[in-house]
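# Structural overview
Listed here are the chains, written in short residue letters.
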Amino acid sequence: MDLALAPETLARWQFGITTVYHFLFVPLTISLAALTAGLQTAWVRSGKEKYLKATKFWGKLFLINIAMGVVTGIVQEFQFGMNWSDYSRFVGDVFGAPLAFEALIAFFFESTFIGLWIFGWDKLPQKIHLACIWMVSIGTILSAYFILAANSWMQHPVGYRINEAKGRAELTDFWLVLTQNTALTQVFHTLSAAFLTGGAFMVGIAAFHLTRKKHIPVMKTSLRLGLVTVVVGGMLTAISGDLLGKVMYEQQPMKMAAAEALWDGEAPAPFSVFAVGDVDEGHNKVAIEIPGLLSFLAKDDFSSYVPGINDVNKAEQEKYGPGDYRPNIPVAYWGFRWMIGFGMASFALGAVGLWLTRKKFLLPHHLRVGDDEVPHLSLLPGRILGPTLTKWYWRIAILTLGFPLIANSWGWIFTEMGRQPWVVYGVLRTRDAVSPGVSQGEILTSMIVFTALYAILAVVEVKLLVKYVKAGPPELTEADLNPPTKIGGDSRDADKPMAFSY
């Protein structure tokens, strides 16, 4: 059978497509829930209408996003029984525990409070209604935590034993699975990247409206919140990425050696800026490097030894038997760089925008809209930045809303493909995890169907987002401005129309 169409290859492609697609929604769900909760908190505390309008605007985009995330997430979990039954049979006792907690939180905890938040605008007192969206935010974070703990166990299996009689792994220490350093650092890094993603999303959409001189008060507030979120999220992403990288150098040295195209161990080891390698020969034909930097990034010591791809491959052959234990080197190398490059590009643009606004190089000008004058942000022409640079800055700011999504996708591709040929590192190989009874044709058919379905969902998602982004913040009603003071509202509240429905 052609290796390119082997069931293992097709199953990996299908899982990769559905996982990357699903994870487009996860970071936005986590960050938008918290940012929406923060905006609603500002409204409850200040009573300012711009915060209420911003809450409803970003809350609507959050709900569209989480609905798509739930749908695609369910399909992803079904694949464990479809194409990876041997994996499920071998690790189900361990892997199923955090997944069960995630399902309870996602489908009971989050869904309950989302429902209360959607339909409780004119039924619940302000503070109780506010508590609902904060509970949703906490639920999204907890849900992500359990999923990441399960994935971290695949990267670094702990808290289990192998039952030789039953031929399966059995859970012995659930707390260790949840709190090992792999899980903690991966959760830190993923959540940081999620807020970088949400902040960039907010900056891009706010810039879109500001350049068109629409919804100025709401979008100025959103712009500032987004810029701060991008900068803080970007810094935390860099810090957490460094911590996670150090953990991976200890636990998966092959993955990190592939990420740097380091073929042979060196002390000190250089950081690769650009490389063109020969995988068959096991060396680089072209290499632009920074001496000693990789040693510092790996072990906080500019002179420390870092093992290379060839060294680790030989060691794993001695430990696990004959075979090639190298991942796809070009994918690992470039995926690692695209992850960092697109993520840090958003951070840099956010830092520039935040600096410009704080230094008042973004000055308020006035534009007449009907009979009212509203402030508009435009870069001061002719001094620090001219009109041409002003225009280009805002255009790039709009585009940057997609940069972290690209970075997230490549980050997960690197994380999962860099672990190959293991599905559970050092315990279970990917080739031994596929469903033995599923044929090449069946996997190919399901992959084509799922991919086509996801393409349709992508069109629906984009159209919904574009529609509501262009519409901007909603007009407020009397019910919005005078919420009930007790659960269920008083007799006057009963006659008010529902203020926030979808």
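Attention in this report is confined to the structure presented alongside it.

Scoring rules and cut-offs
Residues numbered from 1 in each chain as written. Predicted model: local features only at pLDDT ≥ 70, side-chain atom pairs only at ≥ 80, totals over all residues. Heavy atoms only, no water. Helix = DSSP H or I, 4+ residues; strand = E, 2+ residues; numbered from the N terminus. Phe/Tyr/Trp six-rings, centres within 6.5 Å; stacked < 30°, edge-to-face > 60°. Buried < 20%, exposed > 50% of the residue type's maximum accessible area, 1.4 Å probe, protein only. Lys NZ or Arg CZ within 6 Å of the ring centre and 35° of its normal. Contact = heavy atoms within 4.5 Å. Salt bridge = Lys/Arg side-chain N within 4 Å of Asp/Glu carboxyl O. Axes fitted to C-alpha atoms, helices over the stretch in contact; angles between N-to-C directions. Parallel < 35°, antiparallel > 145°, perpendicular 65-115°, else oblique. Core = buried A, V, L, I, M, F, W, Y, C linked by side-chain atoms within 4.5 Å. Expected span 1.5 Å × (residues − 1). Arc of directions from axis to C-beta. Left-handed = near helix turned anticlockwise from the far one by under 90°. Nonpolar A, V, L, I, M, F, W, Y, C, P; charged D, E, K, R; others polar.

### A closer look at unusual backbone geometry
- The omega torsion across Ala267 and Pro268 is 0 degrees, close enough to zero to call that bond cis.
- Along the polypeptide, Pro268 turns up in the loop between α9 (253–259) and β3 (271–278).
- At the junction of Gln420 and Pro421, the peptide bond is cis and its omega measures out at 15 degrees in the coordinates.
- Note on placement: Pro421 falls in the loop between α14 (403–417) and β7 (422–424).

### Some details on the packing of aromatic side chains
- According to the stated counting rule, one finds 24 aromatic pairs in the structure shown.
- Note on Tyr87 and Phe95: the rings are 5.5 Å apart at their centroids and 75 degrees apart in plane angle, and the pair reads as edge-to-face.
- The exposure class of Tyr87 is buried, given its relative accessible area of 2%.
- With a centroid separation of 5.0 Å and an interplanar angle of 90 degrees, the aromatic rings of Tyr333 and Trp334 are classed as edge-to-face.
- By relative accessible area, which is 29% here, Trp334 ends up partly exposed.
- Looking at Lys56, its charged tip hangs above the ring of Trp121, at a distance of 4.8 Å from the centre.
- Positioned above the aromatic ring of Phe414 is the side chain of Lys255, whose terminal nitrogen or guanidinium carbon lies 6.0 Å from the ring centre.

### What to know about the environment of Val306
- Its place among the elements puts Val306 in the loop between α10 (293–299) and α11 (309–320).
- Counting along the chain gives 42 residues from Val306 to Asp264, while the straight-line C-alpha distance between them is 8.7 Å.
- Beyond its immediate stretch of four places on either side in the chain, Val306 contacts Tyr249, Leu262, Gly265, Glu266, Ala269, Leu294, Ser295 and Ala298.

### So, the pattern of salt bridges
- Under the counting rule described, the total for this entry stands at eight salt bridges.
- The salt bridge partner of Asp93 is Arg168, with a shortest N-O separation of 3.8 Å. Taken together, the residues span a long stretch of sequence, with Asp93 in helix α4 (residues 85–119) and Arg168 in strand β2 (residues 168–171) at a distance of 75 residues.
- Relative accessible area serves as the criterion here: at 32%, Asp93 is assigned to the partly exposed category.
- A salt bridge links Arg326 to Asp324; its shortest N-O distance comes to 3.0 Å.

### Notes on the packing of helix α5 (residues 126–155) against α14
- Orientation of α5 relative to α14, taken along the N-to-C sense of each, is 40 degrees, at an axis distance of 10 Å. Of the possible angle classes, the one that applies to α5 and α14 is oblique. Contacts between α5 and α14 involve Leu148, Asn151 and Gln155 on the former and, on the latter, Trp412, Thr415 and Glu416.

### Focus on the environment of Phe450
- Along the polypeptide, Phe450 turns up in helix α15 (residues 440–471).
- Looking at Phe450, the relative accessible area reads 17%, which means it is buried.
- Residues Phe450 and Thr72, spaced 378 residues apart in sequence, show a C-alpha to C-alpha distance of 10.0 Å.
- Not counting the four nearest positions on each side in its chain, Phe450 is found in contact with Gln14, Val75 and Met82.

### A short note on the nonpolar core
- Formed by 52 residues in total, the largest nonpolar core has its most connected members in Trp58, Leu61 and Phe62.
- With sequence-adjacent residues up to four places away left out, Phe62 is seen in contact with Thr29, Leu32, Ala33, Thr36, Ile133 and Val136.
- Residues Ala257, Phe336, Met339 and Phe414 belong to the second largest nonpolar core, which totals 23 residues.

### Concerning α11
- For α11, with twelve residues, the first-to-last C-alpha span of 16 Å sits near the 16 Å given by 1.5 Å per residue.
- All buried positions along α11 are accounted for by Ile309, Val312, Asn313 and Glu316. Summarising the axial view, the buried residues of α11 lie within an arc of 100 degrees, below the 170-degree limit, and thus occupy one face. Along α11, the residues that are exposed and aim more than 90 degrees away from the buried face are Lys314 and Glu318.

### A closer look at the packing of helix α1 (residues 7–23) against α15
- Look at α1 against α15: their axes get within 9 Å of each other, and the N-to-C directions meet at 15 degrees. Considering the angle they form, α1 stands roughly parallel to α15. Judged by the sense of rotation from one axis to the other, the crossing of α1 with α15 is left-handed. Of the residues in α15, those in contact with Pro7, Leu10, Ala11, Trp13, Gln14, Ile17, Thr18 and Tyr21 of α1 are Gln440, Ile443, Leu444, Ser446, Met447, Phe450, Thr451, Tyr454, Leu457 and Ala458.
- Its residues placed into classes, the contact of α1 with α15 shows 13 nonpolar, five polar and no charged.

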